[in-house]
Amino acid sequence: MSVPKSKAMAALSQVIDNDHMLKISSEFTRLGERCYLDNAGATLYPRSLPQSINEDLINNFYMNPHSDQYTRDCIEQIRCLILKHFNTDPSNYTVIFTSGTTQSLKLVVESFKFSSDKDDSDCGSFVYLRDNHTSVLGLRELAENKNADIIHISHEDFLLSLNNKHNSLITKANNRNGNSIFAYPAQSNFNGFKYPIDCIEKIKEGCLNNNIKKHLCKINTNWYILLDVASHVSTNRLDLSRTQPDFVCLSFYKIFGYPTGLGALLVKNSSQSVLSQKRYFGGGTVDIVLSSEDFHVKRKELHERYEDGTLPFLSIIALKHCFEMMHRLVPKVVNGDIMETLSYHTFYLAKDLYHNLLELKHNNGKKAVVLYMDSDFSDIKKQGGVVTFNLLREDGSYIGYAEFQHMADLFNISVRTGCFCNSGSCQRHLMVTNKELKDMYKAGHKCGDEIDLVNGRPTGAIRVSFGYFNTFNDVDKLIHMICKCFIKANVKKVKRIVTKYKNIDTALPNKVTNDAVTKLLNEHEYFSLVEEVSTNFECKAVLKEIAIFPIKSCGAFKIRSSWNIGPKGFEYDREWMIIKDNGVCLTQKQNSRMCLICPKIDLKHKLMILNCKGMLPISIPLDPHSHNKFKDTTLCQSKVCTDIIKGFDCGDEVANWISEALEISFLRLIRQSSNDKRKINKKSDENKLLSLSNQAQYLLINKATVRWLGTKIRDPSFTDSTDQLTDRFRGNIIIDTEDELVEREWQRIIIGKQEFKVEGQCPRCQMVCIDQHTGVKTVEPLRTIAEQFGGKLRFGIYLSYIGPHGESKERSIKTNTYVKAIANDDQISR
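Residues numbered from 1 in each chain as written. Predicted model: local features only at pLDDT ≥ 70, side-chain atom pairs only at ≥ 80, totals over all residues. Heavy atoms only, no water.

Trainee: Is there a simple way to think about the overall build of the chain in this case?
Mentor: A count of helical and extended segments in the chain gives 21 helices and 36 strands. For the chain, with 830 residues in total, the buried portion stands at 56%. Long-range contacts, defined as pairs at least 24 residues apart, comprise 72% of the intrachain contacts of the chain with a sequence gap of at least 6. (Helix = DSSP H or I, 4+ residues; strand = E, 2+ residues; numbered from the N terminus. Buried < 20%, exposed > 50% of the residue type's maximum accessible area, 1.4 Å probe, protein only. Contact = heavy atoms within 4.5 Å.)

See the structure below:
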């Protein structure tokens, strides 16, 4: 969100002038240098919004609306405000509050009467566009239970049906029996394509009948339209005076960023009668109910019958401030309308990114980007502010979206990757058959995981979606990251200008500027890489170093003699963790300064001593019951990698010390209880215990492989020595071998008199890009790991302890000990 501070400031938007954009940006200073590009997932609320809501709640008194007429009146006013926003009124539509779009969709089909009044067996169809959100696909399960025919229509067939002017299968209204419903999105959440919403009457007149007939289903039914507008209304105007679907589903956090857990179902009043099969009733939805007899009478008003229980009335009241805040921040530049302005603003940002991506090529001339769009950004009526794509390497192979995600995180860029809960669009654009998708699932790929490539083919994509607070600076930052990490070519920047739609005389506060001017905006090109240099090294197969990390994510305590093996790994390794005030474990991903806290284990005095530059050391007893001040440590629970951890709080003194060192208030230091039985693999019968490490008891790093990796890094700004580069991988067992990469084929190893089992390769994230001596973030070495291993971010191997080898009873290992490796017999890379 940085903005340039110069007289000739570059345009921030093609639609909104710089003064207004700076005003908007001032509401999102909490982003700092973060570039937020996941508005299709959830937009962000402006800083002043919670302040306005808080002031309202402090100064006013709201009761349960079932008890208080004033609160009910406030809610009714907000219903009218919502309808006004969509250019309609209570005479045409009814607002039913829900928990969000998903509940709104579910409520329609649960209540929808597919059968005719004459015959309950004479049912219509549930028809849906394949390119729908998962929440729509799930409706077919409900419709099937109502004996409705289930029919899906492809993207191409739907658009073709709308353009077909000659449809001989249109039936007259008085010949129709049963009710059918067609569900589709106003805007695709996959790539921002806008489906026609001015075609309601065409659908009702039977333009889809040709498709229905192919399935041997009835075509003489009454048609109703279920429109998912969650993606559309976040940055586009919905005018319900021009187009009138029967049911409209939305979530308010998509528009305002707040409140979450609140959405609406807008029901066209003339279509109310078909929603007649709602069975459940809750508090406030009936006029009378008997507890000893199956008798009740539902309320007359539609929303009163459908809003079970007490409404989230404080969240609903907050909507008033949401609408006011948007009107205060966004100028009515285009057609005198806020949403039209936002639509054009985000459209031009996405168009700019789209054309930038089209131009990206490798030095060998091959394209670097595969775009998954259904429009070329030539018509705003067909495209929203979303761009979806994947990246290619020089040899034409795909870069996995998980690899991209890690690099984006490193550059403080928030995007969404995967299939975005839209399997139909994802499958169509990736050109994957049903059988291939099932094969991917059998290979281990599931929705939401990080298996981004299967047999070299992508399982998902990268989605960038813009909001009203985004600017061209954000486009630049994303392209800069792509070029720096993935493209070996220079890319010239384009000049942007503000298009004057209308003179704006709105009074503005003093111009907002940010002193941290991005260096990026002053550069003439994004990035250029130097040529590769290769070197060969030789080394011996010995244990060079032992390292433990007493506090999870903090600095290492290095051992160059010997160290004992405990039941969960090395003694005192990751026994402590720092948690935030919400109980969540803090890691270097959130605060890279953690590596500057350097613990030292003093076995002689039985203390752990914490050091941090600029602070006096502090000591913690290894045996908390040996010091009176720690006798009252309290048992608490937290989570590490979804596991619930039992531990003891180490007291206020060290908590204050850590909070000061990391510059975060209310941190606590927790020690894992010796009774905590966290297992390595919950599904396995093996009873191997785990400390607070993520996945394994030990992590082995081979220095020969580190040196090899160092020769592959081509970024001239990366100057780590082999030891510094090794430290980034935070291994427990540091060895040196004659050849690089040999550890990837090992099955077991014996170090001195101790035997270990290889549990697999260690998956890597952006944490390896943190210099463990300074806390500074870099691009390397994650980028080179991805390049060298085909997008698979693996480096180092996990070990678990088998036990003493032979007849030895020792449970310790020493440095400078010979390492014996037992290779994997089947020669399959682990």
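That covers the picture; the talk isn't over yet.
Trainee: Teacher, can you tell me more about the sheet that holds strand S22 (residues 569–570) here?
Mentor: Pairing between the strands of a sheet comes from backbone hydrogen bonds, and it takes one of two forms, parallel or antiparallel. Spatially, three strands are ordered S22-S21-S35 in an open sheet, and the strand pairing comes out antiparallel. Where the open sheet ends on each side, the last strands, each with one partner, are S22 and strand S35 (812–814). (Pairing = 2+ DSSP bridges.)

Trainee: Got a minute to help me understand the layout of surface pockets in this structure?
Mentor: Using a probe with the size of a water molecule, rolled over the atoms, empty space left in the structure can be pinpointed. The computed volume of the second largest pocket comes to approximately 1200 Å³. Forming the boundary of the second largest pocket are 42 residues, of which Asn 422, Ser 423, Gly 424, Gln 427 and Leu 437 lie nearest the centre. Listing elements by their share of the lining of the second largest pocket, those giving two or more residues are helix H5 (134–137), helix H7 (155–163), helix H14 (401–410), strand S15 (416–418), helix H15 (423–430) and helix H16 (434–442). At six residues, the largest contribution of residues to the lining of the second largest pocket is made by H15. In terms of residue class, the lining of the second largest pocket is made up of 15 nonpolar, 17 polar and 10 charged. (1 Å grid on protein atoms, 1.4 Å probe; cavity = no way out; pocket = protein on both sides within 12 Å on 5 of 7 lines; lining within 4 Å. Points joined across faces, edges and corners; volume = space filled by probe spheres on them. Nonpolar A, V, L, I, M, F, W, Y, C, P; charged D, E, K, R; others polar.)

Trainee: So what exactly am I meant to see when it comes to helix H17 (residues 472–485) here?
Mentor: Note: α-helices contain 3.6 residues per turn, so residues at a spacing of three or four share the same orientation. A rise of 1.5 Å per residue sets the reference length of H17, with its 14 residues, at 20 Å; its end C-alpha atoms lie 20 Å apart and thus fit the reference within 8%. A side-chain oxygen of the first residue of H17 lies 3.1 Å from the backbone nitrogen of Asn 473; this N-cap is Thr 471. (Expected span 1.5 Å × (residues − 1). Polar contact = N/O pair within 3.5 Å; in protein donor to acceptor, adjacent residues only side chain to side chain.)

Trainee: What am I meant to see in the state of the cysteines here?
Mentor: Joining two cysteines, a disulfide is a covalent bond between their sulfur atoms. For the coordinates displayed, the defined rule picks out one disulfide. At a sulfur-sulfur separation of 2.0 Å, the disulfide partner of Cys 419 is Cys 426. Residues Cys 419 and Cys 426 share a disulfide whose torsion about the S-S bond is about -55°; that sign makes it left-handed. A relative accessible area of 25% places Cys 419 in the partly exposed class. Among the cysteines around Cys 447, which has no disulfide bond, Cys 419 carries the closest sulfur, lying 6.9 Å off. The class for Cys 447 is exposed, based on a relative accessible area of 84%. (Disulfide = S-S within 2.5 Å.)

Trainee: Just to check I follow, could you spell out a nonpolar patch on the surface for this structure?
Mentor: On the surface, Ile 288, Leu 290, Phe 295 and Val 297 cluster together into a nonpolar patch covering about 290 Å² of accessible area. Of all the secondary-structure elements, those providing two or more residues to the nonpolar patch are strand S9 (286–290) and strand S10 (295–298). The topology assignment puts Phe 295 in strand S10. (Patch = residues over 30% accessible without salt bridge, like charges linked within 9 Å, V, L, I, M, F, W, Y side chains within 5 Å. Areas by Shrake-Rupley, 256 points an atom, 1.4 Å probe, with all protein chains shown as cover. Salt bridge = Lys/Arg side-chain N within 4 Å of Asp/Glu carboxyl O.)

Trainee: Is there a simple way to explain helix H3 (residues 69–85) in this structure?
Mentor: The end-to-end C-alpha distance of H3 is 24 Å, a good match for the 24 Å that 17 residues give at a rise of 1.5 Å each. Buried within H3 are the following residues: Thr 71, Cys 74, Ile 75, Ile 78, Arg 79, Ile 82, Leu 83 and His 85. Lining the buried residues of H3 we find strand S2 (93–98), strand S8 (263–268), helix H11 (302–306), helix H12 (313–329) and helix H13 (338–359). Of the residues trailing H3, Asn 87 is marked for its positive phi of about 60°.

Trainee: How do you make sense of the packing of aromatic side chains when you look at a structure like this?
Mentor: Each pair of aromatic rings is reported with the distance of its centres and the angle of its planes. Counting across every chain of the model gives 31 aromatic pairs. Taking 6.1 Å as the distance between ring centres and 90° as the angle between the ring planes, the aromatic pair formed by Phe 389 and Phe 404 counts as edge-to-face. Taken together, the positions of Phe 389 in strand S12 (residues 386–392) and Phe 404 in helix H14 put the pair 15 residues apart, joining distant regions of the chain. A single burial state applies to Phe 389 and to Phe 404, both of which are buried. Centroid distance Trp 708 to Phe 789: 5.7 Å. Interplanar angle 40°. Geometry classified as tilted. Remark: Phe 789 occurs in the loop between helix H21 (782–788) and strand S34 (794–804) and Trp 708 occurs in helix H19 (residues 703–712); sequence separation between them is 81 residues. Each member of the pair, Trp 708 as well as Phe 789, carries the same accessibility label: buried. Of note, Lys 204 hangs over the ring of Tyr 224, and the distance from its end group to the ring centre comes to 5.2 Å. Positioned above the aromatic ring of Phe 420, the side-chain terminus of Arg 463 is 4.8 Å from the ring centre. (Phe/Tyr/Trp six-rings, centres within 6.5 Å; stacked < 30°, edge-to-face > 60°. Lys NZ or Arg CZ within 6 Å of the ring centre and 35° of its normal.)

Trainee: Quick question: what am I supposed to make of the nonpolar core here?
Mentor: Nonpolar side chains tend toward joint burial in soluble globular proteins. Among the nonpolar cores identified, the biggest contains 139 residues, and Phe 97, Phe 182, Tyr 184, Ile 203, Leu 266, Phe 404 and Met 481 are the most heavily contacted of them. What Ile 203 contacts, discounting residues up to four positions off in sequence, is Phe 158, Leu 162, Phe 182, Tyr 184, Leu 208, Trp 223 and Ile 225. Counting residues in each nonpolar core, the second largest holds 46 residues, with Cys 650, Leu 700, Ile 735 and Trp 746 among its members. (Core = buried A, V, L, I, M, F, W, Y, C linked by side-chain atoms within 4.5 Å.)

Trainee: Would you mind going over the pairing of strand S24 (residues 598–602) with me for this structure?
Mentor: Working note: regular strand, side chains alternate between the two faces of the sheet. In terms of strand pairing, S24 meets strand S25 (residues 607–611) through five bridges, oriented antiparallel. Each residue of the ladder has a partner; that of Cys 598, found in S25, is Asn 611. The loop that links S24 with its antiparallel partner S25 comprises four residues; one of these, Lys 606, has a positive phi angle of about 55°.

Trainee: Got a minute to help me understand the pattern of salt bridges in this structure?
Mentor: It is possible for side chains bearing opposite charge to pair when their charged atoms get close. Scanning all chains against the criterion turns up 35 salt bridges. A salt bridge links Glu 436 to Arg 457; its shortest N-O distance comes to 2.9 Å. Of the two residues, Glu 436 is situated in helix H16 and Arg 457 in strand S17 (residues 457–458); the sequence distance between them amounts to 21 residues. Residue Asp 720 pairs with Arg 728 through a salt bridge whose shortest N-O separation is 2.5 Å. Taking relative accessible area as the criterion, Asp 720 reaches 18% and is therefore assigned buried. Taking relative accessible area as the criterion, Arg 728 reaches 2% and is therefore assigned buried. One network of salt bridges, in which partners are shared, links Arg 237, Asp 239, Arg 242 and Asp 337.

Trainee: Can you walk me through unusual backbone geometry in this structure?
Mentor: Residues apart from glycine generally show negative phi values, whereas peptide bonds are mostly found in trans. Note that the residue after Tyr 258, namely Pro 259, is joined by a cis bond; omega there is -5°. One non-glycine residue, Asn 412, adopts positive backbone phi at about 60°. If you trace the backbone, Asn 412 turns up in the loop between H14 and strand S14 (413–414). A residue is classified by how much of its surface remains accessible, and Asn 412, at 24% relative accessible area, is partly exposed. For Asn 816, which is not glycine, the phi torsion reads 60° and is therefore positive.

Trainee: What is the right way to read the packing of H13 against H17 from this model?
Mentor: Angle between the axes and distance between the axes: these two values describe a pair of packed helices. The contact between H13 and H17 brings their axes to 10 Å, and the two run at 25°. Classified by the interaxial angle, the pair formed by H13 and H17 is roughly parallel. The handedness of the crossing between H13 and H17 is right-handed. From H13, Tyr 348, Leu 349, Asp 352, Leu 353, Asn 356 and Leu 357 reach across to H17, where they touch Phe 472, Val 475, Leu 478, Ile 479 and Ile 482. (Axes fitted to C-alpha atoms, helices over the stretch in contact; angles between N-to-C directions. Parallel < 35°, antiparallel > 145°, perpendicular 65-115°, else oblique. Left-handed = near helix turned anticlockwise from the far one by under 90°.)

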